[in-house]
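Coordinate analysis (summary)
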Amino acid sequence: MNDKGLPPVITIDGPSGTGKGTIAQLLANELHWHILDSGALYRIVGIAAMHNRVDANDAQALCGLARNMHVEFSSVFPGSITLHGLEISGEVRLEQAGALASRIAAIPQLRAALLQRQHDFRQAPGLVADGRDMGTVVFPDAVCKFFLTASAETRAQRRYKQLKDKEVSVSLPGLLSDIQARDERDSTRAVSPLKPAKDALIIDTGPLAIEQVMAIVRQELKSHQL
Ligand code: DC
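Now for a quick tour of the structure. (Residues numbered from 1 in each chain as written. Predicted model: local features only at pLDDT ≥ 70, side-chain atom pairs only at ≥ 80, totals over all residues. Heavy atoms only, no water.)

A few words on the site of the ligand. Taken together, 18 residues form the shell around the ligand, and within it R43, R111, R132, R182 and D186 come nearest. Contact with the protein chains hides 97% of the accessible area of the ligand, taken as 450 Å² for the molecule alone. Taken together, the elements giving at least two residues each to the shell around the ligand come down to helix 2 (38-51), helix 5 (95-104) and helix 9 (172-188). Sorting elements by how many residues they give to the shell around the ligand places helix 2 first, with 4 residues. Of the residues contributing to the shell around the ligand, the split by class is 4 nonpolar, 5 polar and 9 charged. (Near = heavy atom within 4 Å. Areas by Shrake-Rupley, 256 points an atom, 1.4 Å probe, with all protein chains shown as cover. Helix = DSSP H or I, 4+ residues; strand = E, 2+ residues; numbered from the N terminus. Nonpolar A, V, L, I, M, F, W, Y, C, P; charged D, E, K, R; others polar.)

Strand pairs in the sheet, formed through backbone hydrogen bonds, run parallel or antiparallel to each other. Reading across from one edge, 2-6-1-7-8 is the order of the 5 strands in this open sheet, with parallel pairing throughout. The sheet is open, and its two edges are formed by strand 2 (34-37) and strand 8 (201-204), each paired on a single side. Ignoring strand direction, the axes of neighbouring strands in this sheet form an average angle of 20°. Sheet topology note: the strand 2/strand 6 (residues 127-131) ladder contains 4 bridges and is parallel. Within strand 6, the position partnered with D37 by the bridge is D130. (Pairing = 2+ DSSP bridges. Axes fitted to C-alpha atoms, helices over the stretch in contact; angles between N-to-C directions.)

Moving on, we get to the layout of surface pockets. Counted as a void, the second largest pocket has a volume near 170 Å³. As for the second largest pocket, its lining consists of G90, R93, L94, E95, Q96, R159, L163, K166, V168 and V170. Residue composition of the lining of the second largest pocket, grouped by class: 4 nonpolar, 2 polar and 4 charged. (1 Å grid on protein atoms, 1.4 Å probe; cavity = no way out; pocket = protein on both sides within 12 Å on 5 of 7 lines; lining within 4 Å. Points joined across faces, edges and corners; volume = space filled by probe spheres on them.)

What follows is about the packing of helix 2 against helix 3 (residues 59-68). Direction vectors running N to C along helix 2 and helix 3 enclose 115°, while the axes themselves pass 10 Å from each other. By the angle class used here, helix 2 and helix 3 are roughly perpendicular. Two packed elements cross with a definite hand, and for helix 2 against helix 3 that hand is right-handed. Across from V45, A48 and A49 in helix 2, the residues of helix 3 making contact are L62, L65 and A66. Its residues assigned to classes, the contact of helix 2 with helix 3 shows 6 nonpolar, no polar and no charged. (Parallel < 35°, antiparallel > 145°, perpendicular 65-115°, else oblique. Left-handed = near helix turned anticlockwise from the far one by under 90°. Contact = heavy atoms within 4.5 Å.)

Applying the stated criterion across every chain yields a total of 12 salt bridges. Note that R122 is salt-bridged to D141, the shortest N-O span being 3.2 Å. Of this pair, R122 sits in the loop between helix 6 (108-119) and strand 6 while D141 is found in the loop between helix 7 (134-138) and strand 7 (144-149), placing the two residues 19 residues apart along the sequence. Overall, the relative accessible area of 14% leaves R122 in the buried class. A salt bridge links D165 to K161; its shortest N-O distance comes to 2.9 Å. With D165 and K161 both in helix 8 (residues 152-165) and 4 residues apart, this pair spans about one turn of that helix. We note that D165, like K161, is exposed. A network of salt bridges, in which partner residues are shared, links E30, E211 and R218. (Salt bridge = Lys/Arg side-chain N within 4 Å of Asp/Glu carboxyl O. Buried < 20%, exposed > 50% of the residue type's maximum accessible area, 1.4 Å probe, protein only.)

So this is what it looks like as structure tokens:
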């Protein structure tokens, strides 16, 4: 617990495709801590909007969905996600859900509406939080902060391979331009833009294997007595 009696938080921020979801999951498993996939929350609001025919520009209606949606994440990876009892984990991971999430995530009122829900994940013995603004806005008092980067080309290649392995047909140039558009939107929005916290350790995962990133993360945690 910290000096305010709150469980500790480790934040892992960065653009999509840098491996932050994988690192967050491995770390949470290793520490036996809770995990928050904050991107999934934005994706789920987008999905709820589609299911309810809510316009992606209607901030008030989106906030209503964000406050009232009943979401359950299973604790086992790669877990199921239900929205009002309906299994939506497949839909959540689609490229379209990511693109819609990125659009609606620029709406300040929606970010505010999701804040308490994110804070509620902070439970003992600790939380690993994955997102874009975990270390800067949502958990600025985190004990240890990481920011993962990699070039857009590397991230597009990784995503291409993942989708090919799942036999989803995609074009590499198309993926690259989607990633670049999403980076641009996420980094230039007025509220909580994608950027490293001042006290975050920045790791370029481009040339590294997952285990090498984990080794750097473990070393950093050790230096914070974690
Ligand atoms: O991490 P992800 O790809 O699932 O996130 C989907 C989108 O949600 C991302 O493009 C931007 C938005 N997002 C955000 O604005 N803040 C977060 N903490 C997490 C995600």
